[in-house]
There are 2 protein chains.
Amino acid sequence: MLIDGLEYVNWNRDLFEKAHAAGLTAIHATLVYWEDTQESFEKMNYWDDLIQSNNDILMHVKKSSDILVAKETNKIGIVYGFQNSAPIANDIFLVEKFFSRGLRFMQLTYNNQTPLAGGCYEKNDSGVSRFGEMVIEEMNRLGMIVDLSHAGRQTCLDAINLSKKPVAISHANPNFFHNSIRNIDEDVLKELANKNGFIGLSVYPYHLKKSWRL
Amino acid sequence: MLIDGLEYVNWNRDLFEKAHAAGLTAIHATLVYWEDTQESFEKMNYWDDLIQSNNDILMHVKKSSDILVAKETNKIGIVYGFQNSAPIANDIFLVEKFFSRGLRFMQLTYNNQTPLAGGCYEKNDSGVSRFGEMVIEEMNRLGMIVDLSHAGRQTCLDAINLSKKPVAISHANPNFFHNSIRNIDEDVLKELANKNGFIGLSVYPYHLKKSWRL
């Protein structure tokens, strides 16, 4: 079983075929970053069509056991994710609406501050805000994974602590490997591990040592 | 000349007539709080109609000298304001679009954190964020007043310092008069005054001493 913790390429049939031939069982796919509510629902329609028109090798994953089905039927399971909370704006009810359309991962922030939390590029990371705390509770209730990639250090610590279910840092590396604003301090990784969290290592050039970059 | 620093009642003809009879020259009127972009543009259309249908006693104020015209023509000048930055979401170009529709005041936050800054009810006030700094620069360029009512202490200090033009705290009282989360510390008021800023005193019950409440 081979699961890609996050992919953000511009997909086409050729790339799906290559991923299939490489033996991938599932992919957490990025649908949006800065898109607003309406644009994000439209992106979900686009992805539904993409999966439908490639359904010989793709299927939409909505629960863990769907990944086993993908494995058995020799397909790639696609897990929908948002790299930002811009789509929900200030409306907590949108979390369930996006969940019901298939969303299973959402980042609280993408580099910058949001109504929910602080981004990794802010001078002062607020940590998880009043609204962010409520959204984490709602994501926990539904079974949507809190993704802390692109979050600030304090936001990571707060969210790991607040979440009743394990959280993910879907794409980042440890700072002890390569020090970068997007990478993660060792003590945060230990907190993540203590709560059974997940980190997916990143091959994005700036998250790697210079000598490792292609 | 009598200018109301902020009003948020549900206006109707009777209330406009009373304000007119009382001799008000201008009113900073709240159009929206949590409304999104589309709803906020619709609220501006609604207010345009409201002014048009009461144009014997009302006029839309878009620049300072319009207030003098209101005085000369015996009308109340209405200044459009938003009590939150929710309408611009993450799109800096919306500042100019709302300005061109007549908006002249905008709060960075309304109690809670936004992508721009920290609210007064947050445990940890981020101060002005990366995006907030750009929005203040854009508001300065256009001539839209930064309103710090409902902002956190650090956000007030940051915005007073960052803004190239005087800012306003349109509705709040000093904490030395009555200590409340929505009221303002004396040192912040001194910074505001040093930059030729404005504070409008508030008669909202929780901003007043108990003995002063009606």
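Our structure is the block above this text.
First, a word on scope: everything that follows refers to the structure included in this document. Because the structure is predicted, anything quoted here is derived from the model rather than measured.

1. Quick look at the overall build of chain A
Alright, step 1. A count of helical and extended segments in chain A gives seven helices and eight strands.
Alright, step 2. Against the 2.2 N^0.38 benchmark of 17 Å for 214 residues, chain A shows a C-alpha radius of gyration of 17 Å, consistent with a compact globule.
Alright, step 3. Projected onto its principal axes, the C-alpha positions of chain A cover 45 × 45 × 30 Å.
Alright, step 4. Counting every position in chain A, which comprises 214 residues, the buried fraction comes to 55%.
Alright, step 5. With an accessible surface of roughly 10300 Å², chain A has 54% of that area assigned to carbon and sulfur atoms.
Alright, step 6. Positive and negative side-chain charges in chain A, numbering 22 and 26 respectively, have mean positions lying 3 Å apart.

2. Some details on the packing of aromatic side chains
Alright, step 1. Under the defined criterion, the tally for this structure stands at 18 aromatic pairs over all chains.
Alright, step 2. When the ring of Trp11 of chain A is compared with that of Phe16 of chain A, the centres are 4.6 Å apart and the planes differ by 0 degrees; the resulting orientation is stacked.
Alright, step 3. Centroid distance Phe41 of chain B to Phe98 of chain B: 4.1 Å. Interplanar angle 20 degrees. Geometry classified as stacked. Taken together, the residues span a long stretch of sequence, with Phe41 of chain B in helix α2 (residues 37–52) and Phe98 of chain B in helix α4 (residues 93–100) at a distance of 57 residues.
Alright, step 4. Phe98 of chain B gets classed as buried once you look at its relative accessible area, which sits at 1%.

3. Considerations on the interface of chain B and chain A
Interfaces are often sized by the amount of accessible area the parts lose when they come together.
Alright, step 1. Opposite the 21 residues of chain B that make contact, chain A presents 21 residues.
Alright, step 2. Of the roughly 1500 Å² buried between chain B and chain A on both sides combined, carbon and sulfur atoms contribute 40%.
Alright, step 3. For the pair chain B and chain A, the number of links is one salt bridge.
Alright, step 4. When the shortest N-O distance is used, the salt bridge between Lys123 of chain A and Glu133 of chain B registers 4.0 Å.

4. Section: a negative patch on the surface
Alright, step 1. Taken together, the side chains of Asp36, Glu39 and Glu42 of chain A together with Asp36, Glu39 and Glu42 of chain B make up a negatively charged region of the molecular surface.
Alright, step 2. Elements with a minimum of two residues in the negative patch: α2 (37–52) of chain A together with α2 of chain B.
Alright, step 3. Mapping Glu39 of chain B onto the fold places it in helix α2.

5. A closer look at the nonpolar core
Alright, step 1. Counting 50 residues, the largest nonpolar core has Trp47, Ile78, Ile88, Leu108, Val135 and Leu148 of chain A as the members making the most contacts within it.
Alright, step 2. Each residue touching Trp47 of chain A, except ones within four places of it in the same chain, is listed here: Trp11, Phe16, Ala29, Thr30, Leu31, Ile78 and Tyr80 of chain A.
Alright, step 3. Phe16, Leu24, Val128 and Leu148 of chain B belong to the second largest nonpolar core, which has 49 residues in total.

6. Description of the side chain of Arg182 of chain A
Residues and elements named next belong to chain A.
Alright, step 1. Inspection of the secondary structure puts Arg182 in the loop between β7 (168–169) and α7 (186–194).
Alright, step 2. In terms of polar contacts, Arg182 uses its side chain to reach the backbone carbonyl oxygen of His171, at 2.7 Å.
Alright, step 3. Ignoring anything within four residues of it in the chain, the contact list for Arg182 reads Asn111, Cys120, Tyr121, Ser149, His150, His171, Ala172 and His207.

7. Topic: the relation of the copies chain B and chain A
Two copies of the chain are present, and they differ by a rotation about an axis and a shift along that axis.
Alright, step 1. Turning chain B through 180 degrees and shifting it by 0.0 Å along the axis lays it on chain A, with an RMSD of 0.0 Å. The transformation just described matches what one would write down for a two-fold rotation axis. Within chain B, Ser126 of chain B has its C-alpha nearest the rotation axis, a separation of 2.4 Å.
Alright, step 2. The fraction of interface residues of chain B whose copies in chain A are also interface residues reaches 100%, indicating that both copies meet through the same surface.

8. Focus on the packing of helix α6 (residues 153–162) of chain A against α7 of chain A
Residues and elements named next belong to chain A.
Alright, step 1. Look at α6 against α7: their axes get within 10 Å of each other, and the N-to-C directions meet at 15 degrees. By the criterion of interaxial angle, the relationship of α6 to α7 is roughly parallel. Our pair here, α6 against α7, has a crossing hand that is left-handed. Judged by residue contacts, Arg153, Cys156, Leu157 and Ile160 of α6 engage Asp187, Val188, Glu191 and Leu192 from α7.
Alright, step 2. In terms of residue class, the contact of α6 with α7 is made up of five nonpolar, no polar and three charged.

So, how was this worked out
- Residues numbered from 1 in each chain as written.
- Chains lettered and ligands numbered in written order.
- Predicted model: local features only at pLDDT ≥ 70, side-chain atom pairs only at ≥ 80, totals over all residues.
- Heavy atoms only, no water.
- Helix = DSSP H or I, 4+ residues; strand = E, 2+ residues; numbered from the N terminus.
- Rg over C-alpha atoms; globule rule 2.2 N^0.38 Å.
- Buried < 20%, exposed > 50% of the residue type's maximum accessible area, 1.4 Å probe, protein only.
- Areas by Shrake-Rupley, 256 points an atom, 1.4 Å probe, with all protein chains shown as cover.
- Lys, Arg positive; Asp, Glu negative; His and termini not counted.
- Charge placed at Lys NZ, Arg CZ, Asp CG, Glu CD.
- Phe/Tyr/Trp six-rings, centres within 6.5 Å; stacked < 30°, edge-to-face > 60°.
- Contact = heavy atoms within 4.5 Å.
- Buried area = accessible area lost by both parts, 1.4 Å probe.
- Salt bridge = Lys/Arg side-chain N within 4 Å of Asp/Glu carboxyl O.
- Patch = residues over 30% accessible without salt bridge, like charges linked within 9 Å, V, L, I, M, F, W, Y side chains within 5 Å.
- Core = buried A, V, L, I, M, F, W, Y, C linked by side-chain atoms within 4.5 Å.
- Polar contact = N/O pair within 3.5 Å; in protein donor to acceptor, adjacent residues only side chain to side chain.
- Least-squares fit on C-alpha atoms with pLDDT ≥ 70 in both.
- Axes fitted to C-alpha atoms, helices over the stretch in contact; angles between N-to-C directions.
- Parallel < 35°, antiparallel > 145°, perpendicular 65-115°, else oblique.
- Left-handed = near helix turned anticlockwise from the far one by under 90°.
- Nonpolar A, V, L, I, M, F, W, Y, C, P; charged D, E, K, R; others polar.

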